[in-house]
Amino acid sequence: MKLIKTFYLITMITLFSSQWLMAQPEIFPKGEKAPNVHHTGDVWLNHLAEADENFDFNVVQATMAAGSKLNWHLHPKGQQLYITDGVGYYQEKGKEVQVVKQGDVIKCEPEIEHWHAATPNTPVTYIAISGNAPTKWTDTLTAETYNAIKAPELSSSDTEKEIKELSKKKWDWMADKDVEKLEKLFHDKAKFVHMSGSWKKDRELEIIETGSIWYKKAEVHDVAVETFGDDTAVLWNRITLTAHVRGNDVSNEFTVTEFYKKESAHWKLLDLTFSSVRDDHEIQK
C-alpha cells in the first residue's frame, strides 16, 4: 500500500509538470555512459534519486542513442517511464511493439517482461521510476527482432514541431552562453550572417562565450518551417532581439533564417542569417 501511494504521488507531480519539462532545454545532464552489459548501443544514465527509508523507489534518467536497445527484463515492483524527448519503442511480452514519443507515459506492472529502445533513426530520453528491487534480466533482444520492426516515419508536422522546439532551445542556449550545447548543434561548416558581417562556427562560439555579443533575449513573434524530405528543414523566425553590445543593451526587429540538416539522427544548424525588417513585418506561411 505504501508503494502504491508513493507511486501515485510521484505520478501526479510528474503529470502536472510534464508540459513545463517538455518546454525547457535539457533539465538534467546526460550522466555516465553505461557499460554494454544488458544493452547494445550507447546509453547514458543519470541517477536522480535513490530509494531510502521514506521513498521506496529509484528515479533514473536514461538517454539512448539512435539504434540502442535494452534486453528483455522485468521489475518485481513495477516501473513507470516518462518520455521527455525523442522517439522510441516499448514492448511487453505477448503484445505489439509500441512507438513512444515525447509526452507519453508508460506504466509497466510488476513482473511483466518487456524491453524498450530508441528507434534506428531517433534517440530517446525518458525518466524511469522503479520500485526498490533489482531488475531481473531475462532474454537477449536480438538484432534480427529489432531490425524487423518497421521504423516509424515522422510526418512533416512532427518534423516542424521538432525544429521549432530545437530553435527555441538554441535561443535559450545563446542567452545562457552555453557553448557546449551550441557546439554540438552547429555544423562544423556552419555560416553565421549578421548585419555587421559573416563568419564561421569557431568565431560564433567565441563571440557567444566571451559575450562580445550577448544574445540576452530573443522574443519570438512568428515562426514558419518548411521541410525538404526527411533530412532538411528551413525555419524563419520574426524576433525582437535584445543584445548586449559594446556595453549597451539594444533591441532590434529581425527575421532570422535557420537552415538545418539531419546527420546521424541529429539535426545540425548549417546557417543562421539575421535580416533587418520593419516592426509590422509578418512571415508569409
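For clarity, every value in this text was computed on a predicted model and none was experimentally measured. (Residues numbered from 1 in each chain as written. Predicted model: local features only at pLDDT ≥ 70, side-chain atom pairs only at ≥ 80, totals over all residues. Heavy atoms only, no water.)

### A look at the nonpolar core
Counting 30 residues, the largest nonpolar core has F186 and F274 as its most contacted members. Elements that contribute at least two residues to this core include exactly α3 (156-175), α4 (179-185), β13 (186-194), α5 (201-210), β15 (213-227), β16 (232-245), β17 (248-263) and β18 (266-276). Non-local contacts of F186, meaning those with residues more than four positions away in its chain, are made with F192, K201, E204, L205, I208 and L269. Residues M64, C108, V124 and Y126 belong to the second largest nonpolar core, which totals 14 residues. (Core = buried A, V, L, I, M, F, W, Y, C linked by side-chain atoms within 4.5 Å. Buried < 20%, exposed > 50% of the residue type's maximum accessible area, 1.4 Å probe, protein only. Helix = DSSP H or I, 4+ residues; strand = E, 2+ residues; numbered from the N terminus. Contact = heavy atoms within 4.5 Å.)

### Some details on the side chain of N71
Locating N71 in the fold gives a position in the loop between β5 (69-70) and β6 (73-74). Judged by its relative accessible area of 12%, N71 is buried. Here N71 is in contact with V37, H38, H39, H114, W115, W137, D139, T140 and L141, once residues within four sequence places are set aside.

### Quick look at the packing of aromatic side chains
Per the counting criterion, the structure on display carries eight aromatic pairs. Each ring, one from F55 and one from F57, has its centre 6.1 Å from the other, and the planes form 70°; the classification is edge-to-face. Assessed through its relative accessible area of 43%, F55 is described here as partly exposed. Overall, F57 belongs to the buried group, its relative accessible area being 7%. With centroids separated by 6.2 Å and ring planes inclined at 15°, the aromatic side chains of Y215 and F274 adopt a geometry described as stacked. Remark: F274 occurs in strand β18 and Y215 occurs in strand β15; sequence separation between them is 59 residues. Judged by relative accessible area, F274 falls into the buried class, the value being 5%. An aromatic cluster of at least three residues, connected via ring pairs, comprises W72, Y89, W115 and Y146. The positively charged end of K30 is found above the aromatic ring belonging to W44, 3.5 Å away from the centroid. (Phe/Tyr/Trp six-rings, centres within 6.5 Å; stacked < 30°, edge-to-face > 60°. Lys NZ or Arg CZ within 6 Å of the ring centre and 35° of its normal.)

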